[in-house]
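# A look at the structure
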Amino acid sequence: MQDRRKFLKGIFFSATTAAFGTALLQGCGGNEPAKENPAAEKTDKPAAAPEAQGPAIIDSSQMTQEDFDKRKNLGYVEKSPMEENRCENCALYLQPEGENKKYGGCQLLRGPIAPDGYCPYWAAKQG
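Residues numbered from 1 in each chain as written. Predicted model: local features only at pLDDT ≥ 70, side-chain atom pairs only at ≥ 80, totals over all residues. Heavy atoms only, no water.

## Some details on the overall build of the protein
- In terms of helices and strands, the protein carries three helices and two strands.
- Taken from the N to the C terminus, the helices and strands of the protein come in the order α-α-α-β-β.
- Across the 127 residues that make up the protein, the buried fraction comes to 23%.
- In the protein, the share of contacts with a sequence separation of at least 24, taken over all contacts with a separation of at least 6, comes to 69%.
- Accessible surface, the protein: about 10,100 Å² in total, of which carbon and sulfur atoms supply 55%. (Helix = DSSP H or I, 4+ residues; strand = E, 2+ residues; numbered from the N terminus. Buried < 20%, exposed > 50% of the residue type's maximum accessible area, 1.4 Å probe, protein only. Contact = heavy atoms within 4.5 Å. Areas by Shrake-Rupley, 256 points an atom, 1.4 Å probe, with all protein chains shown as cover.)

## Here we look at the environment of Ile113
- Examined against the element boundaries, Ile113 turns out to sit in the segment after strand E2 (105–106).
- C-alpha of Ile113 to C-alpha of Ser60: the two residues are 53 residues apart in sequence and 9.9 Å apart in space.

## With respect to the pattern of salt bridges
- Summed over the entire model, instances satisfying the criterion amount to three salt bridges.
- Residues Arg86 and Glu88 are paired through a salt bridge, measuring 2.8 Å at the closest nitrogen-oxygen approach.
- The exposure class assigned to Arg86 is partly exposed, which follows from its relative accessible area of 23%.
- Exposure remark for Glu88: the relative accessible area of 32% places this residue in the partly exposed category. (Salt bridge = Lys/Arg side-chain N within 4 Å of Asp/Glu carboxyl O.)

## Some words on empty space enclosed by the protein
- Inspection of the entire model under this criterion finds one cavity of 30 Å³ or more.
- In this model, the largest cavity occupies a volume close to 90 Å³.
- In terms of lining, the largest cavity is formed by Tyr76, Cys87, Cys90, Leu92, Tyr93, Cys106, Leu109, Ile113, Gly117, Tyr118, Cys119 and Trp122.
- Classifying every residue of the lining of the largest cavity gives eleven nonpolar, one polar and no charged. (1 Å grid on protein atoms, 1.4 Å probe; cavity = no way out; pocket = protein on both sides within 12 Å on 5 of 7 lines; lining within 4 Å. Points joined across faces, edges and corners; volume = space filled by probe spheres on them. Nonpolar A, V, L, I, M, F, W, Y, C, P; charged D, E, K, R; others polar.)

## What about the nonpolar core?
- Residues Tyr76, Cys106, Leu108, Leu109 and Ile113 are the most contacted members of the largest nonpolar core, which totals 15 residues.
- For Ile113, the residues in contact, after removing those within four places along its chain, are Arg71, Tyr76, Cys87, Tyr93, Tyr103, Gly104, Gly105 and Cys106. (Core = buried A, V, L, I, M, F, W, Y, C linked by side-chain atoms within 4.5 Å.)

## Re the state of the cysteines
- Overall, the coordinates contain zero disulfides when judged by the stated rule.
- Of the cysteine sulfurs around Cys87, a residue in no disulfide, the closest is that of Cys119, at 6.3 Å.
- In this structure Cys90 is a free cysteine whose sulfur lies 6.3 Å from that of Cys87, the closest cysteine sulfur available. (Disulfide = S-S within 2.5 Å.)

## Structural notes on the side chain of Asn85
- Relative to the elements of secondary structure, Asn85 occurs in the loop between helix H3 (65–73) and strand E1 (93–94).
- With a relative accessible area of 14%, Asn85 lands in the buried category.
- Residues contacting Asn85, with those up to four places away along its chain left out, are Ser80, Gly117, Tyr118 and Trp122.

## Notes on the environment of Ala114
- Considering the arrangement of structural elements, one finds Ala114 in the segment after E2.
- Sequence spacing of Ala114 and Glu78 is 36 residues, and the spatial spacing of their C-alpha atoms is 5.6 Å.
- Leave out the neighbours within four places in its chain, and Ala114 touches Tyr76, Glu78, Cys87, Tyr93 and Tyr103.

And the structure:
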């Protein structure tokens, strides 16, 4: 009779432990890999610069919707929020061609680029 009680207590203990352990694992997410938190990885500067597009289109009438979307996604604005970081003193800025041209170009973005503009890829000119 004593062996039977030990056996039943052991079974009861094992079943309770298994049920509690299963509930605990389900509450913690089980065996699923941890999901990344994209908000924690957000930085002010992009991780890598996009590939250069070749010659800039200075006339906006030649730009595609994709060109406009890229400008928006890369954070280009026509008026820099930082006085010292403007497109006209960026290493990627292409000076306007001709005396009467107000807008220049960019090695990353297609279309007219305001000299007072800015994007997060701004890089100081060397020299």
